[in-house]
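# Coordinates in review
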Amino acid sequence: NEYKSYLSMPTLSEFLEALKAFVLKHFLLFSEVVAVALAFSWPWLGAQLSHSITSLVIVGVIFLFTGLKIKTEELKSIPRYFDIVLIGCVSSLFITSLIPSYIANEVN
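The structure displayed is predicted, hence computed values, not measured ones.

## Notes on the overall build of the chain
Scanning the chain from N- to C-terminus turns up 7 helices and 0 strands. Listed by position from the N terminus, the elements making up the chain come as α-α-α-α-α-α-α. Its C-alpha atoms give the chain a radius of gyration of 20 Å, clearly above 13 Å, the size a compact globule of 108 residues would have. In terms of its C-alpha atoms, the chain occupies a principal-axis envelope of roughly 60 × 45 × 30 Å.

Okay, here's the thing in structure tokens:
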């Protein structure tokens with residue numbers, strides 16, 4: 001039956017391989033979600049790590065892994081799509097950082 005393969009459950013090893021591939025593909029997003037979950041669960045941990053070199057190392061590792069996944073073709077396409085890259089950089093560096101500031105001012 002052709003529908004049998006769609007209805008069968010994957011084995012544990014197939015599931016773990018798919019999960020590993022998903023996490024590696026979306027490593028930056030996944031690490032941010034984990035960081036936010038940890039920050040809400042144990043805020044004292046973030047307060048302690050913010051005064052040490054550990055937070056810089058963790059952020060460096062996250063961006064190193066993300067940067068290693070960039071393909072040469074993607075880097076070569078930056079000049080062709082400069083306006084889109086500029087919008088992405090401005091929004092991620094400035095606009096996104098203003099949102100928590102706005103929320104903090106509204107809460108206080």
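## Quick notes on the packing of aromatic side chains
The tally for this structure, following the rule as stated, stands at 1 aromatic pair. Look at Phe27 and Phe65: their rings are 5.5 Å apart centre to centre, the planes differ by 80 degrees, and that puts the pair in the edge-to-face class. Highlighted residues: Phe27 in helix H3 (residues 27-41) and Phe65 in helix H5 (residues 54-68), separated in sequence by 38 residues. Given a relative accessible area of 17%, Phe27 falls into the buried group. The class for Phe65 is partly exposed, based on a relative accessible area of 42%.

## Thoughts on the packing of H3 against H5
Close contact between H3 and H5 brings their axes to 9 Å; oriented N to C, the two are set at 160 degrees. Relative to H5, the element H3 is oriented roughly antiparallel. Each of Phe27, Leu28 and Ser31 in H3 lies in contact with H5, whose residues at this interface are Ile62, Phe63, Phe65 and Thr66. Its residues assigned to classes, the contact of H3 with H5 shows 5 nonpolar, 2 polar and no charged.

## Digging into the confidence of the model for the chain
Low pLDDT means the predicted coordinates in that region are not meant to be read closely. For the chain, per-residue confidence averages 83 on the pLDDT scale, and 94% of positions sit at 70 or higher. Looking across the chain, the model is least confident in helix H1 (residues 4-7), with a mean pLDDT of 61, and most confident in helix H2 (residues 12-25), with 89.

## Details of a nonpolar patch on the surface
There is a patch of nonpolar side chains on the surface, built from Phe82, Leu86, Val90, Leu93, Phe94, Ile95, Ile99, Tyr102, Ile103 and Val107 and spanning about 1,000 Å² of accessible area. Assignment of secondary structure puts Tyr102 in helix H7 (residues 82-107). Judged by relative accessible area, which is 54%, Tyr102 ranks as exposed.

## A closer look at the environment of Val61
By secondary structure assignment, the location of Val61 is in helix H5. Taking the C-alpha atoms as reference points, Val61 and Ala18, separated by 43 residues in sequence, lie 23 Å from one another.

Reading the values: rules and limits
- Residues numbered from 1 in each chain as written.
- Predicted model: local features only at pLDDT ≥ 70, side-chain atom pairs only at ≥ 80, totals over all residues.
- Heavy atoms only, no water.
- Helix = DSSP H or I, 4+ residues; strand = E, 2+ residues; numbered from the N terminus.
- Rg over C-alpha atoms; globule rule 2.2 N^0.38 Å.
- Phe/Tyr/Trp six-rings, centres within 6.5 Å; stacked < 30°, edge-to-face > 60°.
- Buried < 20%, exposed > 50% of the residue type's maximum accessible area, 1.4 Å probe, protein only.
- Axes fitted to C-alpha atoms, helices over the stretch in contact; angles between N-to-C directions.
- Parallel < 35°, antiparallel > 145°, perpendicular 65-115°, else oblique.
- Contact = heavy atoms within 4.5 Å.
- Nonpolar A, V, L, I, M, F, W, Y, C, P; charged D, E, K, R; others polar.
- pLDDT = per-residue confidence, 0-100.
- Patch = residues over 30% accessible without salt bridge, like charges linked within 9 Å, V, L, I, M, F, W, Y side chains within 5 Å.
- Areas by Shrake-Rupley, 256 points an atom, 1.4 Å probe, with all protein chains shown as cover.
- Salt bridge = Lys/Arg side-chain N within 4 Å of Asp/Glu carboxyl O.

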